[in-house]
Amino acid sequence: MDFTFTEEQQAAVEAAKAVFGPVAPDSVPSPALTPGAVADDFDRALWSKLADADLLSLLLAPEHGGAGLDAIALCLVLRESAKALARVPLLEHTAAAVAVQTYGSDELKEQILPRAARGELVLTAASAGLTGHDPAQLAVSAHRDTDTWILDGAQTGVTWAHNADHIAVPAHTPQGRTVIAVLPHPHEGLTLAEQISTTGERLGELHLDSVRLEPHQIIETDEAWDRLHQLLTTGTCALALGLGERVLQMTGDYTSKREQFGYPVATFQAVAVQAADRYIDLRAMEATLWQAAWRISSQAGGALPTAGDIAVAKIWASEGVRRLVQTAQHLHGGFGADTDYPLHRYHAWAKQLELSLGPAAAHEETLGDLLAAHPLG
């Protein structure tokens, strides 16, 4: 398989490095040092820089102010954002915008996409369901009432919900179909309770009580939610990869300078072997990520549906990023837990990414079901 990136994808990486490079992880609010939420809002200054660099519209078509690139380009940018612990809803915003572009009505596209491309509107998506373990689309019901849709239910752990202008909410109909409600925030019947993530960010527990939406605000295409969920999951794998790469780099820098018995600890066999094992994790995370992103971008066929490659990528991302930060903490010794050093921030973010969109065990179940339904020759 050829993982060579196109000139356009490489240009997106360079633009991302220019934006995220100056961000100092030490400046990122720490959940260990901040009671409650680390901040009331995401990094608006960084968001403006992403808009100026046209990185909020990578996957949108030119007629909507975008570059017309694919999921691979988005994952490359997300990879760079995680290295800097960038506090922006880039993944959720882009994924929701793509769903609107691909499946939304002309009225909805006109209302949302040009402003979303410029960063003037912020989008997010509800993907955790009622408990974080059940399918998100089952947590909210939607039914048609003459000229409007009515939604009832709840979603937990909605990222950036308090600061978003629109929230993409999956819901099930009485006929067993899944639709996506593109819900303005604020809106009558919508309430948000505050939740705090492992990273210290504000999440929203979303409650819908007879929320009424116009037909153009509902995406009714059957495959729309699956595609949106797949992009969110694959993007989470890209974030885990970028974070893991930065953590291993920090560990290499530290162990090459830290000396015991007159030698850098990096020269000790026990240290080198552990670092080598984590490097293997990173390469597996990377290979499975690009496989999943390529399947999403190309819609190419395979031995399993695209969901199988995404499940494999998320298994490696969840297990790999956990092992990476644990090994990094171990090899840093007590210094790794020092709150004046940024590693503890990466540890908190890694735990959040490990469990977001499902832990490894959940995706192993999905993979097992797919293998049972699609036996390999």
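Scope of this entry: the structure provided in the associated data block. (Residues numbered from 1 in each chain as written. Predicted model: local features only at pLDDT ≥ 70, side-chain atom pairs only at ≥ 80, totals over all residues. Heavy atoms only, no water.)

### Some thoughts on the pattern of salt bridges
So, step 1. Inspection of the entire model under this criterion finds 22 salt bridges.
So, step 2. Between Arg118 and Glu120 there is a salt bridge whose closest N-O contact spans 2.9 Å.
So, step 3. The exposure class of Glu120 is partly exposed, given its relative accessible area of 43%.
So, step 4. For Glu354, the salt bridge is made with Arg322, and the minimal N-O distance between the two is 3.5 Å. Of this pair, Glu354 sits in helix 9 (residues 343-355) while Arg322 sits in helix 8 (residues 306-332); the two residues are 32 residues apart in sequence, bridging distant segments of the chain.
So, step 5. Within the structure, one salt-bridge network assembled from shared partners comprises Arg278, Asp281, Glu319, Arg322, Arg323, Lys351 and Glu354. (Salt bridge = Lys/Arg side-chain N within 4 Å of Asp/Glu carboxyl O. Buried < 20%, exposed > 50% of the residue type's maximum accessible area, 1.4 Å probe, protein only. Helix = DSSP H or I, 4+ residues; strand = E, 2+ residues; numbered from the N terminus.)

### Overview of the packing of aromatic side chains
So, step 1. Applying the stated criterion to the full structure yields five aromatic pairs.
So, step 2. Measuring from centroid to centroid gives 5.4 Å for Tyr254 and Phe335, while their planes differ by 15°, and the two rings are stacked. Placement of Tyr254 in helix 6 (residues 224-257) and of Phe335 in the loop between helix 8 and helix 9 is noted, with a sequence separation of 81 residues between them.
So, step 3. Overall, the relative accessible area of 15% leaves Tyr254 in the buried class.
So, step 4. Pairwise contacts between aromatic rings join Phe42, Trp47 and Trp160 into one cluster.
So, step 5. The cationic tip of Arg283 hangs over the ring face of Tyr279; the distance from NZ or CZ to the ring centre is 4.9 Å. (Phe/Tyr/Trp six-rings, centres within 6.5 Å; stacked < 30°, edge-to-face > 60°. Lys NZ or Arg CZ within 6 Å of the ring centre and 35° of its normal.)

### Overview of the packing of helix 6 against helix 7 (residues 269-298)
So, step 1. One way to put it is that helix 6 packs onto helix 7 with a least axis distance of 10 Å and a crossing angle of 155°. If you check the angle between helix 6 and helix 7, you find them roughly antiparallel. Of the two elements, helix 6 crosses helix 7, and the hand of that crossing is left-handed. From helix 6, Gln230, Leu231, Thr234, Cys237, Ala238, Ala240, Leu241, Gly244, Glu245, Leu248 and Thr255 reach across to helix 7, where they touch Val271, Ala275, Arg278, Tyr279, Leu282, Arg283, Met285, Glu286, Leu289, Ala292, Ala293 and Ile296.
So, step 2. Here the residues of the contact of helix 6 with helix 7 sort into 15 nonpolar, four polar and four charged. (Axes fitted to C-alpha atoms, helices over the stretch in contact; angles between N-to-C directions. Parallel < 35°, antiparallel > 145°, perpendicular 65-115°, else oblique. Left-handed = near helix turned anticlockwise from the far one by under 90°. Contact = heavy atoms within 4.5 Å. Nonpolar A, V, L, I, M, F, W, Y, C, P; charged D, E, K, R; others polar.)

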